[in-house]
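Summary of the model geometry
Each chain, written out:
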Number of protein chains: 2
Amino acid sequence: MDNELSPAARERLLGAGLELLLQRGYHGVGVQALLDAAQAPKGSFYHHFRDKEDFALQVIDAYMAGVHGALDASLSDTSLPPLDRVRRFFDMVAQGYASDGYLGCLLGGLGQELSGVSPVFGERIDGCLTYIAGRLAQPLDEARVAGQLPADTDPQALAMLLVNCWEGAALRSRLSHDPAPLRAMLDFFFQAATRE
Amino acid sequence: MDNELSPAARERLLGAGLELLLQRGYHGVGVQALLDAAQAPKGSFYHHFRDKEDFALQVIDAYMAGVHGALDASLSDTSLPPLDRVRRFFDMVAQGYASDGYLGCLLGGLGQELSGVSPVFGERIDGCLTYIAGRLAQPLDEARVAGQLPADTDPQALAMLLVNCWEGAALRSRLSHDPAPLRAMLDFFFQAATRE
DNA sequence: ATCCGTCTAGACCGAACGGTCTAATGATGC
DNA sequence: GCATCATTAGACCGTTCGGTCTAGACGGAT
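Notes on the structure in this doc start here. Just so we're clear, the structure is a prediction, and the values are computed from it rather than from any experiment.

**A word on the protein's contact with DNA strand D**
- Around DNA strand D, a shell composed of 14 residues is seen, among which Val31, Lys42 and Lys52 of chain A together with Ser44 and His47 of chain B lie nearest.
- Near the protein, within 4 Å, the atoms of DNA strand D are sugar or phosphate in 56% of cases.
- Elements with a contribution of two residues or more to the surface near DNA strand D: helix H3 (42-48) of chain A together with helix H3 (42-48) of chain B.
- In terms of residues, the surface near DNA strand D owes the most to one element, H3 of chain B, which gives five residues.
- Looking at the surface near DNA strand D residue by residue, the class counts come to five nonpolar, five polar and four charged.

Right, dumping it as structure tokens:
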């Protein structure tokens, strides 16, 4: 059933969606362009997805699967100090941005474009960002307990702030085709948070 | 020629553009929707604007005119300490967001959506953000000289960082229909920058 | 062999898209 | 009055949009 060597149409479509939605946005990509990129006929698309909105939501799921992987890979290495693990996560994400040509973050892109149109997208993406912040809050709290952050730090709030500012830096990096805003933001943040 | 009481079609169109582009994005708004909102016929639109892209660029100009005003109003009051003047600027902008229903920043929205399509937009918006940062860099430098910021602070870099993180907070505020991310970001930033 | 559900295949649909065109209208300078 | 030019007005164009529909291909299970 699943042919490992040539992925099924559904996976090809999701892959094309990840690339094209990041590049051109939701309304900038027609269903036909997705079919062309994935070499799939229209019948396949509407067999696997209810409509374009359902497709985009599943593309977000696919994107988040990658984020989950990066979170697991970077945060699980307990040989590193907790703050280094957090920083490592963002370094991994930034590396992903680089290989896309600095197009920023899919969550930011779609969130910006679609939150005013359909509340479904806004809530979904807000939830994704909150989830990421939640994962990051744990090592931040470890760092607090270990005395690497001020004792009165609110790890959840700090994680939220970090994710939000990261999205802003990602947008700027997209506009300038330059990773510098990402690094500058992280440097400032970690220097500021740790300084007591 | 100019009728002050009922603005000319060009101004009505730009006004509708400011509102609709912020709400639904570039590809989410058709020319017809703009005509309906501005109560203008199609002939007017293509008389005043070369095409939809030219229109959007002029909407950005109109938006920046407002930003110029807010910059002038907030930064010129030299009776306030320089850092308070910067903070005041963002408070004014946040007030504008509130009256729109927390839809975030037009620059961020269009930048995110269009930078992957037409480089013209990306460069234009990047330039707008750089301009704003440049204006903010001046009071930041004043604050540095006055000893309210570390002596080795790079005001231009700090201003750029501030603007970028602000855009991220604005996106998040849009997603959650909530001004909290804006305030949290400013609080963290000013506390972090001033603490030596 | 045959049956059945999954998936592929693309013609086809009405609506909406951005953009063009010509005609009418209104104010201004002569 | 008359000519001029900016603006209004909307019918109209070809293309593309998201989405539907029917027909056939493929692969087990029986």
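**Description of the packing of helix H6 (residues 106-114) of chain A against helix H7 (residues 119-145) of chain A**
Residues and elements named next belong to chain A.
- Packing of H6 against H7 brings their axes to within 9 Å, and their N-to-C directions diverge by 150°. Judged by the twist between their axes, the crossing of H6 over H7 is left-handed. Residue-level inspection shows Leu107, Leu110, Gly111 and Leu114 of H6 in contact with H7, the latter providing Phe121, Ile125, Cys128, Leu129 and Ile132.
- Here the contact of H6 with H7 is composed, by residue class, of eight nonpolar, one polar and no charged.

**Focus: the side chain of glutamate 167 of chain A**
- Residue placement: glutamate 167 of chain A occurs in helix H8 (residues 155-176).
- When sequence neighbours within four positions are dropped, the list of residues in contact with glutamate 167 of chain A reads Cys105, Gly108 and Leu129 of chain A together with Gly168 and Leu171 of chain B.

**Structural notes on the interface of chain A and chain B**
- In this assembly, 39 residues from chain A lie in contact with 39 residues from chain B.
- Of the roughly 3400 Å² buried between chain A and chain B, counting both surfaces, carbon and sulfur atoms make up 62%.
- Linking chain A with chain B are two salt bridges, by the criterion used here.
- Between arginine 172 of chain A and aspartate 126 of chain B there is a salt bridge, with the nearest N and O atoms lying 2.9 Å from each other.
- Run the count over chain A and chain B and you get ten residue pairs in polar contact (both at pLDDT 80 or more).
- Contributing elements (two or more residues each) for the side of chain A that touches chain B: helix H1 (9-24), H6, H7, H8 and helix H9 (180-194) of chain A.
- Looking at the side of chain A that touches chain B element by element, the count peaks at 13 residues for H8 of chain A.
- Looking at the side of chain A that touches chain B residue by residue, the class counts come to 17 nonpolar, 14 polar and eight charged.

**Some points on empty space enclosed by the protein**
- Under the criterion given, the structure shown has four cavities of 30 Å³ or more.
- Roughly 60 Å³ of volume is contained in the largest cavity.
- Residue lining of the largest cavity: 13 residues in total, with Leu21, Leu22, Gly25, Gly109 and Arg174 of chain A positioned closest to the centre.
- Those elements that place two or more of their residues in the lining of the largest cavity are H1 and H6 of chain A together with helix H6 (106-114) of chain B.
- Looking at the lining of the largest cavity, you find at least three residues from each of domain 1 (1-49) and domain 2 (51-194) of chain A.

**Here's the deal with the pattern of salt bridges**
- Applying the stated criterion across every chain yields a total of 20 salt bridges over all chains.
- Between aspartate 91 of chain A and arginine 87 of chain A there is a salt bridge; the shortest N-O distance is 4.0 Å. Here aspartate 91 of chain A and its partner arginine 87 of chain A are both found in helix H5 (residues 82-100), four residues apart, which amounts to about one turn of the helix.
- Given a relative accessible area of 36%, aspartate 91 of chain A falls into the partly exposed group.
- Close ionic contact of aspartate 187 of chain B with arginine 87 of chain B constitutes a salt bridge, the shortest N to O distance being 2.9 Å. Here aspartate 187 of chain B is found in helix H9 (residues 180-194), whereas its partner arginine 87 of chain B is found in helix H5 (residues 82-100), with 100 residues between them in sequence.
- The class of aspartate 187 of chain B is partly exposed, set by a relative accessible area of 32%.

**Let's talk about the packing of aromatic side chains**
- Taken as a whole, this structure holds 20 aromatic pairs over all chains when the rule is applied.
- Ring plane angle 85° and centroid distance 5.6 Å describe the contact between phenylalanine 189 of chain B and phenylalanine 190 of chain B, whose orientation is recorded as edge-to-face. Summarising the burial analysis for this pair, phenylalanine 189 of chain B and phenylalanine 190 of chain B share the class buried.
- Following the ring pairs from residue to residue traces out a cluster consisting of Phe45, Tyr46, Phe49 and Phe55 of chain A.
- Over the aromatic face of tyrosine 26 of chain B sits the side chain of lysine 52 of chain B, whose NZ or CZ is 4.3 Å from the ring centroid.

Analysis parameters
- Residues numbered from 1 in each chain as written.
- Chains lettered and ligands numbered in written order.
- Predicted model: local features only at pLDDT ≥ 70, side-chain atom pairs only at ≥ 80, totals over all residues.
- Heavy atoms only, no water.
- Near = heavy atom within 4 Å.
- Helix = DSSP H or I, 4+ residues; strand = E, 2+ residues; numbered from the N terminus.
- Nonpolar A, V, L, I, M, F, W, Y, C, P; charged D, E, K, R; others polar.
- Axes fitted to C-alpha atoms, helices over the stretch in contact; angles between N-to-C directions.
- Left-handed = near helix turned anticlockwise from the far one by under 90°.
- Contact = heavy atoms within 4.5 Å.
- Buried area = accessible area lost by both parts, 1.4 Å probe.
- Salt bridge = Lys/Arg side-chain N within 4 Å of Asp/Glu carboxyl O.
- Polar contact = N/O pair within 3.5 Å; in protein donor to acceptor, adjacent residues only side chain to side chain.
- 1 Å grid on protein atoms, 1.4 Å probe; cavity = no way out; pocket = protein on both sides within 12 Å on 5 of 7 lines; lining within 4 Å.
- Points joined across faces, edges and corners; volume = space filled by probe spheres on them.
- Domains from an automatic or database assignment.
- Buried < 20%, exposed > 50% of the residue type's maximum accessible area, 1.4 Å probe, protein only.
- Phe/Tyr/Trp six-rings, centres within 6.5 Å; stacked < 30°, edge-to-face > 60°.
- Lys NZ or Arg CZ within 6 Å of the ring centre and 35° of its normal.

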